[in-house]
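If you want the building blocks of each chain, they are given just below.
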Amino acid sequence: MRQDKKLILGMALLFFITFVTLGTLVVTEKLAPFYTDKIEKKFINYINKNYKDEKENFKIGKITYKATVYKVKVTNKNNKDLYFTMTYQNKKIKSTYKKDYLEGKTLLNKTKTNLEKKIKKNLNIDAKITFPLTLNKYIDSIKEDIINSENTNIYNIEYEITNKLLLEEIPYITNEISKITTSLNDLNITPNYTTISIKGNNKSLTLKNLTNKTLQSNYLNQIITNILTGNNLESLKENNLSYEYKEYGDD
């Protein structure tokens, strides 16, 4: 009988603890929205203390609450794609400011995605866009242009074409590249540097650091000719060009 009483008491205690715990969680979740104003003040104080030189450019979004975490999105007033998030949990505030906002991760990633989609849609090319620097590494005037969505050639582009790497094919190769370059310019896509991989007949040639000057047909003709013949390769260094040329066995 004593054992039965112990079991009943144990079950009662477990039920009580579970009831209190669940009740506390329910009450906490129900009351959470009423603390929003208080949490907002904490976020604002954190911004005033840590980002006082930048805060005038901020637009603070609506605070949300989920699973004991308060969260807010802080956006640049001039560009909604440049933002960072702040969270409040267990009396601590965490911020993604450095990577997302200062270094421009959100904005640069969005720009990269938009450009790649635009190229795919209009040229049917799987291009890769890269940014050599984070946003905070650019001088103020260029950084401002980036934030204001001004057209700047701060990014690099990389794409691939297929053509036989033979001397008699060089005019066709350069003509195709010229068409792509013209189409990109028409779309206001003007990269700083271009990398092009040419693949065909068990060979591949990757040209790196191409500029508007070296993308011209007469330059490209000479560059590719020099590489395929192994002549006058020193001239590539004059234009800060580099390349990778590979030959493969039969498929």
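Here's a quick rundown of the structure.

Calculation notes
- Residues numbered from 1 in each chain as written.
- Predicted model: local features only at pLDDT ≥ 70, side-chain atom pairs only at ≥ 80, totals over all residues.
- Heavy atoms only, no water.
- Helix = DSSP H or I, 4+ residues; strand = E, 2+ residues; numbered from the N terminus.
- Polar contact = N/O pair within 3.5 Å; in protein donor to acceptor, adjacent residues only side chain to side chain.
- Contact = heavy atoms within 4.5 Å.
- Buried < 20%, exposed > 50% of the residue type's maximum accessible area, 1.4 Å probe, protein only.
- Pairing = 2+ DSSP bridges.
- 1 Å grid on protein atoms, 1.4 Å probe; cavity = no way out; pocket = protein on both sides within 12 Å on 5 of 7 lines; lining within 4 Å.
- Points joined across faces, edges and corners; volume = space filled by probe spheres on them.
- Nonpolar A, V, L, I, M, F, W, Y, C, P; charged D, E, K, R; others polar.

**Focus on the side chain of N76**
- Position of N76 relative to the elements: it lies in strand β3 (residues 69-76).
- For N76, the side chain forms a polar contact with the main-chain nitrogen of N79, separated by 3.2 Å.
- Each residue touching N76, except ones within four places of it in the same chain, is listed here: N57, L82, Y101 and I147.

**Quick look at the environment of L228**
- Here L228 lies in helix α7 (residues 217-229).
- Classification of L228 as partly exposed rests on a relative accessible area of 22%.
- For L228 and L166, which are 62 residues apart along the polypeptide, the C-alpha to C-alpha distance reads 7.8 Å.
- The contact partners of L228, leaving out residues within four places of it in the chain, are L165, L166, L167, I170 and Y245.

**Remarks on the pairing of strand β5 (residues 92-95)**
- Relative to β5, strand β4 (residues 79-89) runs antiparallel, the two being bridged by four bridges. Residue pairing for β5: Q89 is matched across the bridge by K92.
- Counted along the chain from β4 to the antiparallel partner β5, the turn is two residues long, and its residue N90 has a positive phi close to 55°.

**Examining unusual backbone geometry**
- Not every positive phi belongs to a glycine, and K91 is a case in point at roughly 65°.
- Position of K91 relative to the elements: it lies in the loop between β4 and β5.
- Of note, the phi angle at N240 is positive, near 60°, even though the residue is not glycine.
- Tracing the sequence through the fold places N240 in the loop between α8 (234-238) and β10 (242-247).
- By relative accessible area, N240 is classed as partly exposed at 46%.

**Considering the layout of surface pockets**
- Roughly 390 Å³ of volume is contained in the largest pocket.
- Of all the secondary-structure elements, those providing two or more residues to the lining of the largest pocket are β4 and α4 (105-123).
- Here the element with the most residues in the lining of the largest pocket is α4; it accounts for six residues.
- Put simply, the second largest pocket is a space of about 280 Å³.
- In this structure, the second largest pocket is lined by 15 residues; those nearest its centre are E54, N57, N76, K143 and I147.
- Sorting the residues of the lining of the second largest pocket by element identifies α3 (97-102) and α5 (140-147) as the ones contributing at least two each.
- Residue contributions to the lining of the second largest pocket peak at four residues, all from α5.
- Residue classes in the lining of the second largest pocket are distributed as six nonpolar, five polar and four charged.

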